[in-house]
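Each chain, letter by letter, is given below.
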Amino acid sequence: MSDQTHQLLSLFSQPAFLANEERVLWHNAAASTLVAEGMPISELLGEQADILSAWGREGVLQLPLAHGCTASVCLQGGAFLFVLTQQNLDIRSSATAVLNASATLRRPLHNLLNAANSLFEQIDTDEAKAPASQLNHSIYQLMRLCGQMSDGSRLLLNQFPAHRSLVNLQLFFDHFVQQVEPLIEASGKKLVYDGLKQTVQGLADDRLLERAMFNLLSNALTYTPVGGTVSIRLHQQQDRLLISVSDNGNGISDDVIASVFDRFADRPIGDSHWGLGYGLSIVRQIARLHDGTMMLHSDGTHGTSAAFSISLRRDTATVHSPSIHYDYCGGLNHALVELSDALDSVIYDPQEI
């Protein structure tokens, strides 16, 4: 790397360093307490040290490091550039707030669903079918939104343990594709599936794997035009399984792709496709719970490919993440919150409580 590049990276406020597949080559001042020149990469990545050579060298790779940090990694001038980020208290408190909001929304959402089901039973004209379908669609979208808010926050807060058991991954992914292919075709798009050719078994939480796949597939379908193609490809690479979901949409621009894993990064104004921004973070965390990682690649013009890996090692222990205790009432009086359905409104005079 040139001296000019070193000077530029020295300006990074975040810890950053350059490395090859074996050792740290250089680091900026912010990373001086974390790494040293000549330090073996294996000390930072542990058993995942082979990922740099196993994955392609295009795109942005997200890796957990030994220091409890997450690094965004990309290839720069023949060396890997690591830029470190740490989950801070603002992210933690924001995720907790979203988790509380999702719990608050679930009751009125279920009431809405029950009321809508009663109305659906009374539909007897063709004119009523279109608005009923729109209402039902919106309810399903709200249900997913609550799930993203709840499960996404729990995953980011490490409150969502993986319960892994021996899974036939060939059958799991074949069954997943059988579920989604008719829906993709009904939307005017095509699915290409390159699955496993033989039985592959691994320790996995099939519920979380399904969640990861639905998130990636939802993103791919959102950006795939009618008549376009979405691809799901599986590849066993020694003791890892690589799963990729690709589309042939417009791709992600360079100024956006570096921040797509950041739940709190600024999003393009007016682009409703972004949603909450939890999707890729959920997939990345699910990959981590399976001793893997995630990668995203796009050239900005010809589609996007998102991929994650899971370990196939049989000796991997089941992951149990510690719970984080938080005030589920958001600091309000618990009795007033818990009994609010039974108490009279006059009790809730804001000048009295």
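Since we're looking at a predicted model, the values are computed, not measured.

Chemist: Please explain the overall build of the protein as it appears in this structure.
Modeler: What the protein contains, in helices and strands, is 10 helices and 12 strands. Looking at the protein as a whole, 42% of its 353 residues are labelled buried. Considering only residue pairs separated by 6 or more positions, the protein has 63% of its internal contacts joining residues 24 or more positions apart. With an accessible surface of roughly 19,000 Å², the protein has 52% of that area assigned to carbon and sulfur atoms.

Chemist: Explain helix H6 (residues 169-186) to me, please; I cannot follow it from the model alone.
Modeler: Owing to its 3.6 residues per turn, the α-helix aligns residues three or four sequence positions apart on the same side. For H6, spanning 18 residues, the distance from its first C-alpha to its last is 26 Å, which sits close to the expected 26 Å at 1.5 Å a residue. The principal kink in H6, of about 30 degrees, is found at Val180, preceding the proline Pro182 by one to four residues. Among the residues of H6, the N-terminal cap falls to Asn168, whose side-chain oxygen and the backbone nitrogen of Gln170 are separated by 3.2 Å. With its phi angle positive at about 80 degrees, Gly188 sits one or two positions after the end of H6.

Chemist: What should I look at first to understand the packing of aromatic side chains in this one?
Modeler: Taken as a whole, this structure holds 3 aromatic pairs when the rule is applied. Here the aromatic rings of Phe172 and Phe173 are separated by 4.9 Å at their centres, their planes lie at 85 degrees, and the arrangement is edge-to-face.

Chemist: Please clarify how the confidence of the model for the protein should be interpreted in this entry.
Modeler: As a general rule, the predicted coordinates of low-pLDDT regions are not to be interpreted in detail. Within the protein, residue pLDDT values average 75, and 73% of them lie at 70 or more. The weakest mean pLDDT in the protein belongs to helix H10 (residues 334-338) at 38; the strongest belongs to strand E7 (residues 190-194) at 95. Scored below 50 in pLDDT, residues 317-330 makes 33 contacts in the model with residues more than four places away or belonging to other chains. Note on residues 334-353: pLDDT is under 50 here. Beyond four places in sequence and across chains, it has 17 contacts.

Chemist: Explain a nonpolar patch on the surface to me, please; I cannot follow it from the model alone.
Modeler: Taken together, Leu112, Leu135, Leu142 and Leu145 make up a surface patch of nonpolar side chains, about 280 Å² in accessible area. Among the secondary structure elements, Leu142 is positioned in helix H5 (residues 126-156). Take Leu142: its relative accessible area is 37%, and that puts it in the partly exposed class.

Reading guide: rules and limits
Residues numbered from 1 in each chain as written. Predicted model: local features only at pLDDT ≥ 70, side-chain atom pairs only at ≥ 80, totals over all residues. Heavy atoms only, no water. Helix = DSSP H or I, 4+ residues; strand = E, 2+ residues; numbered from the N terminus. Buried < 20%, exposed > 50% of the residue type's maximum accessible area, 1.4 Å probe, protein only. Contact = heavy atoms within 4.5 Å. Areas by Shrake-Rupley, 256 points an atom, 1.4 Å probe, with all protein chains shown as cover. Expected span 1.5 Å × (residues − 1). Bend = angle between axes of the 7 residues up to and from the residue. Polar contact = N/O pair within 3.5 Å; in protein donor to acceptor, adjacent residues only side chain to side chain. Phe/Tyr/Trp six-rings, centres within 6.5 Å; stacked < 30°, edge-to-face > 60°. pLDDT = per-residue confidence, 0-100. Patch = residues over 30% accessible without salt bridge, like charges linked within 9 Å, V, L, I, M, F, W, Y side chains within 5 Å. Salt bridge = Lys/Arg side-chain N within 4 Å of Asp/Glu carboxyl O.

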